[in-house]
Amino acid sequence: MPADEQLGTDLGVREPFPGQPGDELVLSSPPPGAGLEWTPGVVAPLVLAAVLAFPFLGPLLHFLLFVGVGAGLVGPLAAASGLGWWSAAGCVAVAGLGLGLAVETVRRLVVRVSATESQEPAV
């Protein structure tokens with residue numbers, strides 16, 4: 001048997017050798033349960049890599065996280081407080097805005113303090 005025919009049978013294809021007219025590739029079925037499961041352990045490194053690769057993607061992802069968490073909190077808040085959905089959404093939005101401003105203020109304060117300490121002369 002010529003080498004190309006032997007190689008063709010080893011690859012699971014029928015004669016003639018692949019790349020010639022009339023060739024067919026025999027595909028095997030995937031093993032059961034071999035689908036990709038999107039778990040936080042799989043998604044987190046991909047999101048981090050995306051943020052590092054595309055710097056403008058970070059603010060968009062933060063905004064989507066902000067909106068997603070807020071939307072998830074509106075239903076339980078409305079049910080627990082007796083407020084309507086829109087009133088609860090307004091409360092969550094104001095609380096989220098306050099939290100965002102507090103975090104930004106602390107971040108800027110830390111940067112300012114760190115910059116001042118590095119400019120002081122060494123004794």
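Describing a nonpolar patch on the surface
- Together, Leu36, Trp38, Val42, Val43, Leu46 and Val47 make up an exposed nonpolar region whose accessible area comes to about 540 Å².
- By the element assignment, Val43 lies in helix H2 (residues 40–53).
- We classify Val43 as partly exposed; its relative accessible area is 30%.

Re the environment of Ala71
- By secondary structure assignment, the location of Ala71 is in helix H3 (residues 57–81).
- Once the C-alpha coordinates of Ala71 and Val92 are considered, the two residues, 21 residues apart in sequence, prove to be 8.4 Å apart.

Quick look at the nonpolar core
- Among the nonpolar cores identified, the biggest contains five residues, and these are Val74, Ala78, Ala88, Ala89 and Val92.
- Counting only elements with at least two residues in this core, the list comes to H3 and helix H4 (85–119).
- Here the element with the most residues in this core is H4; it accounts for three residues.
- Beyond its immediate sequence surroundings of up to four residues, Val74 is in contact with Trp85, Ala88, Ala89 and Val92.

Let's talk about the packing of aromatic side chains
- A full pass over the atoms with the stated rule returns one aromatic pair.
- When the ring of Trp85 is compared with that of Trp86, the centres are 5.1 Å apart and the planes differ by 85°; the resulting orientation is edge-to-face.
- Trp85 gets classed as partly exposed once you look at its relative accessible area, which sits at 46%.

Overview of the confidence of the model for the protein
- Residues of the protein with pLDDT of at least 70 account for 70%, and the chain-wide mean is 79.
- Ranking the elements of the protein by mean pLDDT puts helix H1 (residues 3–10) last with 50 and H4 first with 90.

So, H3
- Relative to the 36 Å expected for 25 residues at 1.5 Å per residue, H3 spans 36 Å between its end C-alpha atoms, a close match to the ideal helical length.
- Within H3, the axis deviates most sharply at Val74, by approximately 25°, and proline Pro76 lies no more than four positions further along.
- For H3, every residue scored as buried is listed here: Gly58, Gly70, Val74 and Ala78.
- In the stretch just after H3, Gly82 is the one whose phi turns positive, near 85°.

Here we look at the pattern of salt bridges
- For the structure shown, the criterion picks out two salt bridges.
- The closest approach of N and O atoms between Glu104 and Arg107, which form a salt bridge, is 2.6 Å. Of this pair, Glu104 and Arg107 both sit in helix H4, separated by three residues, roughly a single helical turn.
- By relative accessible area, which is 28% here, Glu104 ends up partly exposed.
- Here the salt bridges share partners, and the residues they tie into one network are Glu104, Arg107 and Arg108.

Concerning the environment of Gly84
- In this fold, Gly84 is placed in the loop between H3 and H4.
- The exposure class of Gly84 is partly exposed, given its relative accessible area of 39%.
- As a C-alpha pair, Gly84 and Val74 span ten residues in sequence and 9.5 Å in three-dimensional space.

Focus on the environment of Ser87
- Counting through the fold element by element, Ser87 comes out in helix H4.
- Of the residues examined, Ser87 reaches a relative accessible area of 41% and is grouped as partly exposed.
- Taking the C-alpha atoms as reference points, Ser87 and Val74, 13 residues apart in sequence, are found 9.0 Å from one another.

About the criteria used
- Residues numbered from 1 in each chain as written.
- Predicted model: local features only at pLDDT ≥ 70, side-chain atom pairs only at ≥ 80, totals over all residues.
- Heavy atoms only, no water.
- Patch = residues over 30% accessible without salt bridge, like charges linked within 9 Å, V, L, I, M, F, W, Y side chains within 5 Å.
- Areas by Shrake-Rupley, 256 points an atom, 1.4 Å probe, with all protein chains shown as cover.
- Salt bridge = Lys/Arg side-chain N within 4 Å of Asp/Glu carboxyl O.
- Helix = DSSP H or I, 4+ residues; strand = E, 2+ residues; numbered from the N terminus.
- Buried < 20%, exposed > 50% of the residue type's maximum accessible area, 1.4 Å probe, protein only.
- Core = buried A, V, L, I, M, F, W, Y, C linked by side-chain atoms within 4.5 Å.
- Contact = heavy atoms within 4.5 Å.
- Phe/Tyr/Trp six-rings, centres within 6.5 Å; stacked < 30°, edge-to-face > 60°.
- pLDDT = per-residue confidence, 0-100.
- Expected span 1.5 Å × (residues − 1).
- Bend = angle between axes of the 7 residues up to and from the residue.

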